[in-house]
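# Overview (structure and organization)
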Amino acid sequence: MQALLGFSHAIDVFNRWISRVAVWLVLLAALLSAGNAFFRYGIVELIDLARKHDQLGALQAIIDGYGRNSNSFLEAQWYMFAFTALFGAAYTLKVNEHVRVDLLYGGVSERTRTWIDLFGGIFCLLPFCVVMVYVTWPWFVESWRINEMSTNAGGLPRWPVKLILPVGFGLVLLQGISEIIKCVAALTTDYVREHAYEKPLQ
Amino acid sequence: MIEFVTHNMAPLMFAGLVFGMIIGYPAAFSIAAVGLIFGFVGVELGLIRPDFLGNLTFQMYAVISNDLLLAIPFFTLMGTILERCGLAEDLLEGFGQLFGGLRGGLSYAVIIVGAVLGAITGTVAASVIAMGLISLPVMLKYGYSKRHATGVIAASGTITQLVPPSLVLVVLADQLGRSVGDMYKGAIGPSLIQIALFMGWVAILSVLRPQDVPALPPEARTLRGWPLFWKCTKGMVPSLILIFLVLGTIFMGLATPTEAGAMGVVGALVLAAINRRLTWQLLWQGMETTMKITAFVVFILLGARTFSLVFQGVGGKEWIEGLLTALPGGVTGFLIFVNVFVFILAFFLDFFEIAFIIIPLLAPVAEKLGIDLIWFGVLLGANMQTSFMHPPFGFALFYLRGIAPRSQVPSSDIYWGAIPWVVLQLMLCAILIFWPTSVTYFLDKPPVVDPKNIEIQIPSFGKDGGVGFQLPPLGSGFGQGPSLPGFPTLPTTGPDLSGAATKAPDAKPSEPSSQTQTQDSPKVEEAKPEPKAEAKPDEPKQ
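Along every chain, residues carry numbers that run from 1 in the direction the sequence is written. Here the convention is simple: chains get letters from A, ligands get numbers from 1, in the order in which they are written. A pLDDT threshold of at least 70 governs which residues receive local features in this predicted model, and a stricter bar of 80 or more applies before side-chain atom pairs are shown or counted, although totals over entire chains, interfaces and linings include all residues. Side-chain figures throughout are based on the complete set of non-hydrogen atoms in the structure, without hydrogens or water.

## Here's the deal with helix α17 (residues 351-368) of chain B
Residue and element names in this part refer to chain B. Helical segments are the DSSP runs of H or I of at least four residues, strand segments are the runs of E of at least two, and each set is numbered from the N terminus. Expected span of a helix: the number of residues minus one, times 1.5 Å. A rise of 1.5 Å per residue sets the reference length of α17, with its 18 residues, at 26 Å; its end C-alpha atoms lie 24 Å apart and thus fit the reference within 8%. For a residue, the bend is simply the angle between two axes, fitted respectively to the seven-residue segment ending there and the seven-residue segment starting there. The largest bend in α17 is about 50 degrees, located at Ile-359, with the proline Pro-360 one to four residues further on. Note on classification: 1.4 Å probe, protein chains only; a residue is buried when its accessible area is under 20% of the maximum for its type, exposed when over 50%, partly exposed between these limits. Of all 18 residues that make up α17, 14 are buried, and the element is covered over most of its length. Backbone geometry just after α17 places Gly-370 at a positive phi near 80 degrees.

## Some points on the pattern of salt bridges
We count a salt bridge whenever a side-chain nitrogen from Lys or Arg sits within 4 Å of a carboxyl oxygen from Asp or Glu. Per the counting criterion, the structure on display carries 19 salt bridges over all chains. Between Glu-148 of chain A and Lys-162 of chain A there is a salt bridge, with its nearest N and O atoms 2.9 Å apart. Here Glu-148 of chain A, found in the loop between α4 (110-145) and α5 (159-188), pairs with Lys-162 of chain A, found in helix α5; they are 14 residues apart in sequence, far enough to count as distant. Here Glu-148 of chain A matches Lys-162 of chain A in class, with each residue buried. With its nearest N and O atoms 3.5 Å apart, the salt bridge here joins Arg-178 of chain B to Glu-367 of chain B. Highlighted residues: Arg-178 of chain B in the loop between α10 (167-176) and α11 (180-208) and Glu-367 of chain B in helix α17, separated in sequence by 189 residues. Residue Arg-178 of chain B is classed as partly exposed on the basis of its relative accessible area of 22%. Connected through shared salt-bridge partners, Arg-16 and Glu-97 of chain A together with Glu-288 and Lys-292 of chain B make up one network.

## Here's the deal with the interface of chain B and chain A
Two residues qualify as a contact provided that any one of their heavy atoms is within 4.5 Å of a heavy atom in the partner residue. Between chain B and chain A, the residue contacts involve 83 residues of the former and 79 residues of the latter. Accessible area that two parts lose when put together, evaluated with a 1.4 Å probe and summed over both, is termed the buried area. When chain B packs against chain A, the two sides together hide about 7600 Å² of surface, and 72% of this comes from carbon and sulfur. Lys-292 of chain B is paired through a salt bridge with Glu-97 of chain A; the nearest N and O atoms lie 3.4 Å apart. Any pair of N or O atoms that falls within 3.5 Å is considered a polar contact. Within protein, one atom must be able to donate a hydrogen and the other to accept it, and sequence-neighbouring residues count only if both atoms are side-chain atoms. For the interface between chain B and chain A, the tally reads five residue pairs in polar contact (both at pLDDT 80 or more).

## Considerations on a nonpolar patch on the surface
A contiguous nonpolar surface patch, about 610 Å² in accessible area, is contributed by Leu-103 and Leu-104 of chain A together with Ile-336, Val-340, Ile-344, Phe-348 and Phe-434 of chain B. The set of elements that each furnish at least two residues to the nonpolar patch consists of α3 (102-105) of chain A together with α16 (330-345) of chain B. It is α16 of chain B that provides the largest number of residues to the nonpolar patch, a total of three residues. Note on placement: Ile-336 of chain B falls in helix α16. Overall, the relative accessible area of 37% leaves Ile-336 of chain B in the partly exposed class. Patch membership requires more than 30% relative accessible area and the absence of a salt bridge. Residues of like charge join within 9 Å; the nonpolar side chains Val, Leu, Ile, Met, Phe, Trp and Tyr join within 5 Å. All accessibility values rest on the Shrake-Rupley procedure with a 1.4 Å probe; residue burial counts only the protein chains present in the view.

## Here's the deal with the packing of aromatic side chains
When two rings of Phe, Tyr or Trp (its six-membered ring) have centres within 6.5 Å they constitute a pair, described as stacked for plane angles under 30 degrees, edge-to-face for angles over 60, and tilted for the intermediate range. Following the criterion strictly, the structure yields 28 aromatic pairs over all chains and no others. An aromatic cluster is built from Phe-128 and Phe-169 of chain A together with Tyr-25, Phe-29 and Phe-299 of chain B, whose rings are joined through pairwise contacts. Taking the ring centre of Trp-139 of chain A as reference, the NZ or CZ of Lys-162 of chain A above it sits at 4.2 Å. Any Lys NZ or Arg CZ that is within 6 Å of a ring centre and within 35 degrees of that ring's normal is treated as a charge sitting over the ring.

## Details of the packing of helix α1 (residues 2-52) of chain A against helix α14 (residues 280-313) of chain B
Axis definition: a line fitted to C-alpha atoms, over the contacting stretch in the case of helices. Angles run 0 to 180 degrees between N-to-C directions. The geometry of α1 of chain A relative to α14 of chain B is characterised by a closest axis approach of 8 Å and an angle of 105 degrees between their N-to-C directions. The orientation of α1 of chain A with respect to α14 of chain B, classified from their angle, is roughly perpendicular. Mapping the contact onto sequence places Arg-16, Ser-19, Arg-20, Ala-22, Val-23, Trp-24, Val-26 and Leu-27 of chain A in α1 of chain A and Trp-280, Leu-283, Trp-284, Met-287, Glu-288, Thr-290 and Met-291 of chain B in α14 of chain B. Here the angle decides the label: under 35 degrees means roughly parallel, over 145 means roughly antiparallel, 65 to 115 means roughly perpendicular, and every other value means oblique.

## Brief notes about the side chain of Asp-12 of chain A
Mapping Asp-12 of chain A onto the fold places it in helix α1. Filtering out sequence-adjacent residues up to four positions away, Asp-12 of chain A remains in contact with Lys-94, Gln-175, Ser-178, Glu-179 and Lys-182 of chain A.

## Quick look at the confidence of the model for chain B
Residue and element names in this part refer to chain B. Residue-level confidence of the predictor, termed pLDDT, takes values from 0 up to 100. In this model, chain B carries an average pLDDT of 78, and 81% of its residues clear a pLDDT of 70 or more. For chain B, the element scoring lowest by mean pLDDT is helix α24 (residues 529-535), at 39; α11 scores highest, at 92. This stretch, residues 461-542, has a pLDDT under 50; its non-local contacts, to residues over four places away or in other chains, come to 108 contacts. Across the interface, the model reports ipTM at 0.92; the global pTM reads 0.79.

What follows is the structure, encoded as structure tokens:
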């Protein structure tokens, strides 16, 4: 059991580390999106400004650079969103913040809750994640093989965002295994699960 | 046995959904599992084509590549920053002093500030927590009844749900396949009605039970004249700037709701920095909360898509349609049923669960009955406000419980205090049902279509299975015109043929129309800055 709990702990640490990337991407995506909106509607004035003042050569370079890559920036927005959600999901599972219907769950003992989590982990989470990894992986491979690009001019390659699906589900799968180990430990030994159920914030 | 299963897949699957959700395992995974199990059974029984899993991949990708859903992290992050940036304090102190002399003055202040905060941010938690921390102690100190004080704060916090820019309306717009801007415009009228209802209730109380809502004694009103003016200005000016930044840019068509949310984040950060509240801890907490909410919302959506893909494949859509169109009372009967249904569900389900799992089941029926989906969405938004308010699981009450000292305010007072406000919100729903103009008044009037000027451009049929194209209603003549993509949907009264015409005879899983738009198709707006920027090098330098 100890060895399994050690394995579970290693998964927890790893997913915590991954989740930090997701947290950062929240802010980055917001700043990038605001920047995109700003550039799109300020671009006429910016071009004007650069034209009037020759010494603002750097500004001109920025405008040109932006113009060539604007679709990349727009796409990077939702790439970041996808990464946030799928990198963050495993950690969210760890801290028990995936939303539940607590009609029954809220009123039963901790031991019953542990049974529910064990049952759900084995029969709901694991199959779902396994199937999803199984069906999304070939999609990524195909995208990678043909070096698929965005259909928008100057867009980004597609494979990273197709890779994130199997990777994200794989991480959740790992975390699910970690949670199942904890449930078994809590039911058979005096191990106490760390994240008791609370109402999620909305 | 097998025959029974084959013929009753949809009801059985619905029962599976109820079971999967009620056991209390995170809904995202349990409904996905229900979808997959029935999917494999459906393949075995020959109801679903074996390659439905390929379609599933496509659906997953549609979820994560949906630009509109980006509004969820942005609005959430903005809310968590605004919660603690000092704006609510300034507003409440200013308005509290301004109206304090009136009976119920603090309640009016809370309602107004709730509406202003609602017009800035899109999340309920931000409003309730900020107002509860500041106003509740003051109200209790000066003898407001506990029930009334907690009720008005929780209720005013939920105004955020309905007042644009509301996250709820973004999500509903996405699920109903309507534009967020129209949804926001439709919500203006109901928001005003709601604020009027709330204020009216306070006014009634101040006559019937003046001891519940006393006026502040003169010594409590320390600010007068210019200092009071300054205090109110200090709260209102940043608010108005933020409202412009977020809501104004959406209404003027300058920014998409997603971008407006992002600009709101920047605005909130700047405001917090000016008020010297911007700490690394605040920012990190906000980002982490946002990350978790984004993750669980996306996973519910992924799970719900898995479920609904299979559910539609086994004929669930037709089953639900058959059930709901058979209701007595036609459109009104349907609306009342849906509202009662959602009201009851909201006791148990999170808003996102309702929006992603239940709404897709109801929306096609509403459309078939000729209900304006904007109206339908705003109505549901108003209805789901109550889910934040009704005891014992309402989130607004839950937040309030978290910040009100237990020694002073027992939970029973919070619960009882919420009830009059829930009744007011239900009255709002009734008003919306029987007076649809309250929603449609602020919508852009549909252009008058002159048949001579119609130039029919055939949209690409292939990918979205003809969803974007509808036949004109039978026998209605040209007055109503064909509904083409690009034109606002006109109200249809006649029987709608499109459903019958496009219904696939075999049990092939069809794709809901709202997802197809996000698939890799070049977006018109994205191309906008390009020509300007690229044309530049050719222009002669001055």
